[in-house]
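# Working through the structure, step by step
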Amino acid sequence: MPRTIAYVSNADSREIVVLRVADDGALAEIERIATPGMVMPLAVSPDRRFLFAALRSEPFGVASYRIDGQTGRLAHIATSPLPASMPYLATDRSGRFLLSASYQSAVAAVSAIDADGRVSAAPVQVLNTAPSAHCIVTDAANRFAFVPCLGGDHVMQFRFDSASGRLAPNAPPEFATQKGAGPRHIVFHPEGRLAFLVNELDASIASLAYSPANGTLAPLATASALPPSFSGKPWAADIHTTPDGRFLYVSERTSSTLAGFRVDAADGSLSRVGNWPTETQPRGFAIDPSGRFLLSAGQVSNALAAYAIDRDSGALKPLKRYPMGANPNWVEIVAL
């Protein structure tokens, strides 16, 4: 039976909390690992052997950990430099390269990962971006990469060479978003021909058509993550789909809510399922590989909330809250 393990980074207490996720969604703490700096974004290698943790205090870097395949426990491998403070990490689909994006420094970088999980000290490539680059991901075929830039109101579109790890501008090199929306995170639908972009500054969600042949995005529809009674300044954060692609969720920090939508895979439209209160200032959340549970971290409440996802409706049912460290902000869940 696969073991489901959750990893939660806690920036201010400089630790990663490791949790076992039971079949009923209950969480049991396995260990807390001290990190060499202020830890924020996490990324898991595709083979689930390694966890990478970005350190956003100087000296900026990434800590590599080996994941125990039986217990989920972490063993520190190495800490390597990164060219800037990185609020987003991902690996390419092969796990041979670490991708990172820097909001503060307006760069995107690619670093090699060796067979033992060590990240190279010198990056393969560092690219200048528009202001406030907030995410970097490759598509399922590992042929193209995308960098939403909040300050540029566009998503950069790149060709990705999976042999060398190098990025080159695609044609066109940018997908423009609504002015002032603030593109933040992008995810792909598992079917492969849709993508969804959450915009931080107006909490809108853009449904996008994706062409796997040429690596370009095109607009389809928009929706709002804001609850009906919202007032204030929107501040959307994270976005994920369930593994089957039927439902999509977004976190919004001003209202401390999660928004849920049913996805129409034919045209990319989103139908609201509901909005649910969650931990205060929910920067990051994750959905488990079975699509049954969602874990949401509150940066201000210093806690993690577990929810069951209704298979038919997509509604979230609160299960339990769990204390974390100080400023929990990123969640990764793996099945070992």
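Preceding this section is the structure that the text describes.
If you're wondering where the values come from, they're calculated on a predicted model, not measured in any experiment. (Residues numbered from 1 in each chain as written. Predicted model: local features only at pLDDT ≥ 70, side-chain atom pairs only at ≥ 80, totals over all residues. Heavy atoms only, no water.)

## Observations concerning the overall build of the protein
Of regular secondary structure, the protein possesses 0 helices and 28 strands. Relative to a compact globule of 336 residues, whose C-alpha radius of gyration would be 20 Å, the protein shows 18 Å and is just as compact. With the C-alpha coordinates of the protein rotated into their principal frame, the extents come out at 45 × 45 × 40 Å. Within the protein, the proportion of its 336 residues that are buried is 59%. For the protein, the share of sequence-separated contacts (at least 6 apart) that also reach a separation of at least 24 residues comes to 47%. Surface exposure of the protein reaches about 12600 Å², of which carbon and sulfur atoms provide 51%. Across the protein, the centroid of the 29 positively charged side chains sits 2 Å from that of the 29 negatively charged ones. (Helix = DSSP H or I, 4+ residues; strand = E, 2+ residues; numbered from the N terminus. Rg over C-alpha atoms; globule rule 2.2 N^0.38 Å. Buried < 20%, exposed > 50% of the residue type's maximum accessible area, 1.4 Å probe, protein only. Contact = heavy atoms within 4.5 Å. Areas by Shrake-Rupley, 256 points an atom, 1.4 Å probe, with all protein chains shown as cover. Lys, Arg positive; Asp, Glu negative; His and termini not counted. Charge placed at Lys NZ, Arg CZ, Asp CG, Glu CD.)

## Details of the environment of Pro219
Mapped onto the elements of the fold, Pro219 is located in strand S19 (residues 216-224). Residue classification places Pro219 among the exposed residues on the basis of a relative accessible area of 64%. Spatially, the C-alpha atom of Pro219 lies 4.7 Å from that of Leu208, the residues being 11 residues apart in sequence.

## A look at the nonpolar core
Here is a general trend for soluble globular proteins: nonpolar side chains tend to be buried in one another's company. Tyr7, Ile16, Leu51, Leu74 and Leu217 are the most contacted members of the largest nonpolar core, which has 49 residues in total. The element contributing the most residues to this core is strand S13 (residues 144-149), with 5 residues. Contacts of Leu51, omitting those with residues within four sequence positions, involve Tyr7, Ile16, Leu42, Ala43, Val44, Ala63, Ser64, Tyr65, Ile67 and Leu74. Leu194, Ala225, Leu226 and Val250 belong to the second largest nonpolar core, which has 18 residues in total. (Core = buried A, V, L, I, M, F, W, Y, C linked by side-chain atoms within 4.5 Å.)

## Some words on the environment of His154
Residue placement: His154 occurs in strand S14 (residues 154-160). Since its relative accessible area comes to 9%, His154 is described here as buried. For the pair His154 and Leu99, spaced 55 residues apart in the sequence, the C-alpha separation amounts to 19 Å. A distance of 3.2 Å separates a polar atom in the side chain of His154 from the backbone oxygen of Gly152. (Polar contact = N/O pair within 3.5 Å; in protein donor to acceptor, adjacent residues only side chain to side chain.)

## Remarks on the sheet that holds strand S8 (residues 88-91)
Pairing in this open sheet of 4 strands is antiparallel, and the strands run S8-S9-S10-S11 from one edge to the other. A single partner strand is all that each edge strand has here, and the edge strands are S8 and strand S11 (125-128). Here the strands of the sheet are splayed against their neighbours by 15° on average, with no regard to which way each runs. Here 6 bridges tie strand S9 (residues 97-102) to strand S10 (residues 107-112), and the two strands are oriented antiparallel to one another. Bridging from a neighbouring strand, Leu98 pairs with Ser111 of S10. (Pairing = 2+ DSSP bridges. Axes fitted to C-alpha atoms, helices over the stretch in contact; angles between N-to-C directions.)

## Here we look at the sheet that holds S14
Taken in spatial order, the 4 strands make up an open sheet running S12-S13-S14-S15, and their pairing is antiparallel. Taken across any chain shown, the strands that pair with only one partner, and hence form the sheet edges, are strand S12 (137-138) and strand S15 (167-176). Relative to S15, S14 runs antiparallel, the two being bridged by 6 bridges. Across the sheet, the residue bridging to Phe160 is Leu167, located in S15.

## Focus: the pattern of salt bridges
Throughout the structure, instances matching the rule amount to 8 salt bridges. Put simply, Glu15 and Arg32 hold a salt bridge, and the shortest N to O gap is 3.5 Å. Remark: Arg32 occurs in strand S3 (residues 27-34) and Glu15 occurs in strand S2 (residues 15-21); sequence separation between them is 17 residues. With a relative accessible area of 33%, Arg32 lands in the partly exposed category. Several salt bridges share partner residues, and in doing so they unite Glu15, Glu29 and Arg32 into one network. (Salt bridge = Lys/Arg side-chain N within 4 Å of Asp/Glu carboxyl O.)

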